[in-house]
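# Observations on the three-dimensional arrangement
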Amino acid sequence: MKSKIRNFFNAIAPLTQYESDIGEMLIISYLESLWSCERCHKEVNVNDVAKGIKHYSSASIHRKLKQLKKKKILLFVLSPTDERVKIIKKGLHYNDYLMEIESSITNNHAHSH
């Protein structure tokens, strides 16, 4: 097996022990990539995520976004220019969510070797 693939599998293996939904983590990962994009210079809305993640149907993505909103990991704000558009922001528990994942990966990685 190539080292890049092995590294990827080793990196995600601890997630099997984590309680969170892998689909939610994919959404957060995708949002992080859009938010950190230097050349994008725009706010991310719900439709950006629904169109950008190919692995899930848009219904599944909307359901997962609602779950993340309910957990206060994400916050939706109406666009000032078009009230039909919901802009996605980091919610009250966003950083806690990331820290839980990080500690899960760190703790499981230490036990698996």
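Remember, it's a predicted structure, so these values are computed and weren't measured experimentally.

Definitions and cut-offs
Residues numbered from 1 in each chain as written. Predicted model: local features only at pLDDT ≥ 70, side-chain atom pairs only at ≥ 80, totals over all residues. Heavy atoms only, no water. Helix = DSSP H or I, 4+ residues; strand = E, 2+ residues; numbered from the N terminus. Buried < 20%, exposed > 50% of the residue type's maximum accessible area, 1.4 Å probe, protein only. Contact = heavy atoms within 4.5 Å. Areas by Shrake-Rupley, 256 points an atom, 1.4 Å probe, with all protein chains shown as cover. Lys, Arg positive; Asp, Glu negative; His and termini not counted. Charge placed at Lys NZ, Arg CZ, Asp CG, Glu CD. Polar contact = N/O pair within 3.5 Å; in protein donor to acceptor, adjacent residues only side chain to side chain. Salt bridge = Lys/Arg side-chain N within 4 Å of Asp/Glu carboxyl O. Axes fitted to C-alpha atoms, helices over the stretch in contact; angles between N-to-C directions. Parallel < 35°, antiparallel > 145°, perpendicular 65-115°, else oblique. Nonpolar A, V, L, I, M, F, W, Y, C, P; charged D, E, K, R; others polar.

Attention now moves to the overall build of the chain. Counting its secondary structure elements, the chain contains five helices and two strands. Counting helices and strands in the order they occur from the N terminus, the chain gives α-α-α-α-β-β-α. Considered along the principal axes of its C-alpha atoms, the chain spans approximately 50 × 30 × 30 Å. Out of the 113 residues in the chain, the part that is buried amounts to 30%. A separation of at least 24 residues holds for 51% of the contacts in the chain among residues at least 6 apart in sequence. Accessible surface computed for the chain: about 8200 Å², of which carbon and sulfur atoms make up 55%. When the 18 positive and 12 negative side-chain charges of the chain are each reduced to one mean point, those points stand 7 Å apart.

The next thing to look at is the side chain of Asp48. Topologically, Asp48 is positioned in helix H3 (residues 46–52). Of the polar contacts made by the side chain of Asp48, one reaches the backbone nitrogen of Asn45; its length is 2.9 Å. Setting aside chain neighbours within four positions, we find Asp48 in contact with Tyr30, Lys42 and Glu43.

Glancing now at the pattern of salt bridges. Applying the stated rule across the entire model yields five salt bridges. A salt bridge links Asp21 to Lys64, with the shortest nitrogen-to-oxygen separation between them at 3.3 Å. Separated by 43 residues along the polypeptide, Asp21 in the loop between helix H1 (3–12) and helix H2 (22–35) and Lys64 in helix H4 (residues 58–70) bring together distant segments of the chain. Overall, the relative accessible area of 28% leaves Asp21 in the partly exposed class. Lys64 gets classed as buried once you look at its relative accessible area, which sits at 12%. Linking Lys89 and Glu43 is a salt bridge whose minimum nitrogen-to-oxygen distance equals 3.1 Å. Of this pair, Lys89 sits in strand S2 (residues 86–90) while Glu43 sits in the loop between H2 and H3, placing them 46 residues apart in sequence.

This part takes up the packing of H2 against H4. Running from N to C, H2 and H4 cross one another at 85 degrees; their axes reach a closest spacing of 10 Å. With respect to H4, the axis of H2 lies roughly perpendicular. Residues Gly23, Glu24, Ile27 and Ile28 of H2 lie in contact with H4, whose contacting residues are Ile61, Lys64, Leu65, Gln67 and Leu68. The residue makeup of the contact of H2 with H4, split by class, is five nonpolar, two polar and two charged.

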